[in-house]
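# Structural description and commentary
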Amino acid sequence: MLKRALFGAVLSAAVAVPALADEVEVKMLNKGANGDAMVFEPALIKIKPGDSVRFVPTDKPHNAQVVPKMLPEGAEAFEGGMNEEITVTFDQEGVYGVKCLPHYGMGMVALVAVGESYPNLEDAKAVRHMGRGKQRFEALFEELEAGTSS
Ligand SMILES: [Cu+2]
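Description of the structure in this document. Position numbers for residues count from 1 along each chain, tracking the sequence in the order it is written. Only residues with pLDDT of at least 70 get local features here, since the model is predicted, and only at 80 or more are side-chain atom pairs given and counted; chain-wide, interface and lining totals rely on the full set of residues. Computation of side-chain values covers all heavy atoms of the structure but excludes hydrogens and water.

Starting at the N terminus, helices and strands are each numbered in turn, a helix being any DSSP run of H or I of at least four residues and a strand any DSSP run of E of at least two. The helix and strand tally for the protein chain stands at three helices and eight strands. The linear arrangement of helices and strands in the protein chain, starting from the amino end, is α-β-β-β-β-β-β-β-β-α-α. The rule is simple: take the accessible area with a 1.4 Å probe, protein chains only, and divide by the maximum for that residue type; under 20% is buried, over 50% is exposed, in between is partly exposed. Scored against the burial criterion, the 150 residues of the protein chain give a buried share of 41%. Considering only intrachain contacts with a sequence separation of at least 6, the fraction spanning at least 24 residues in the protein chain is 67%. Here, two residues are considered to be in contact whenever any of their heavy atoms come within 4.5 Å of each other.

Following this line, the structure appears as structure tokens:
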């Protein structure tokens, strides 16, 4: 039901402004809405090719940078400075792992899923992580696959 409502909204927006890509805001927080420490919120971002994600350092100190080997082949890596707001446009379909450098081991990671199929999904899942980064990424991949299995 929710999906249908969202689709309708997206469709009417597309009719009004055909060329406009979407931008999703992701906050970098010391404490998430569910009480978790050091989070990107939302941590799972599903977008279409050409959309952008704006990483906002709502709290400090945080940054957003791509995790090595967690991006599709040929896609450009990105690395925001500490407390820097960055906007990244994702043109290439696939999954992108994002981490905050100082809080990676505390599980401050995000997953950007672009498009419908993810050619680098298995490679990205095979990447090893520090500390709680591992559990958080496992949970995000689980959430992603639960949503796309239908
Ligand atoms: Cu951080």
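There is more to say, and it comes next.
Only nitrogen, oxygen and sulfur atoms qualify as donors, and only when within 2.8 Å of the metal (3.2 Å in the case of Na, K and Ca); with water excluded, sites may look incomplete. Those protein atoms acting as donors to the copper ion are H62 (ND1), C100 (SG), H103 (ND1) and M108 (SD), and they sit at 2.0 to 2.5 Å. Between 85 and 135 degrees for all angles marks four donors as tetrahedral; over 155 degrees for opposite donors together with 65 to 115 for all other angles marks four donors as square planar and six as octahedral; every other arrangement is irregular. One can describe the site at the copper ion as tetrahedral: its four donor atoms subtend angles covering 91 to 130° at the metal. Each donor residue of the copper ion lies on the same chain, and together they follow the pattern H-x37-C-x2-H-x4-M. One end of the pair, H62, is in the loop between β4 (52–56) and β5 (65–66); the other, H103, is in the loop between β7 (94–99) and β8 (109–114), with 41 residues separating them in the sequence.

Successive side chains on a regular strand alternate, one facing one side of the sheet and the next facing the other. As defined by bridge partners, strand β1 (residues 23–31) adjoins β4 across five bridges and the pair is classed as parallel. Bridge assignment links K27 to a residue of β4, and that residue is V56. Across four bridges, β1 lies against strand β2 (residues 37–41) in antiparallel orientation. Residue M28 lies in a different strand from β2, and its bridge partner there is F40. Two strands qualify as a pair provided that DSSP identifies no fewer than 2 bridges between them.

Here we take up the sheet that holds β8. Reading across from one edge, β3-β8-β7-β5 is the order of the four strands in this open sheet, with mixed pairing throughout. In this open sheet, the two edge strands, each paired with only one partner strand, are β3 (44–47) and β5. Alignment of β3 against β8, held across four bridges, turns out to be parallel. Looking across to β8, one finds that I45 is bridged to V112.

Let us now look at the side chain of S52. Among the structural elements, S52 can be located in strand β4. Here S52 is in contact with D22, E23, V24, T87, V88 and T89, once residues within four sequence places are set aside.

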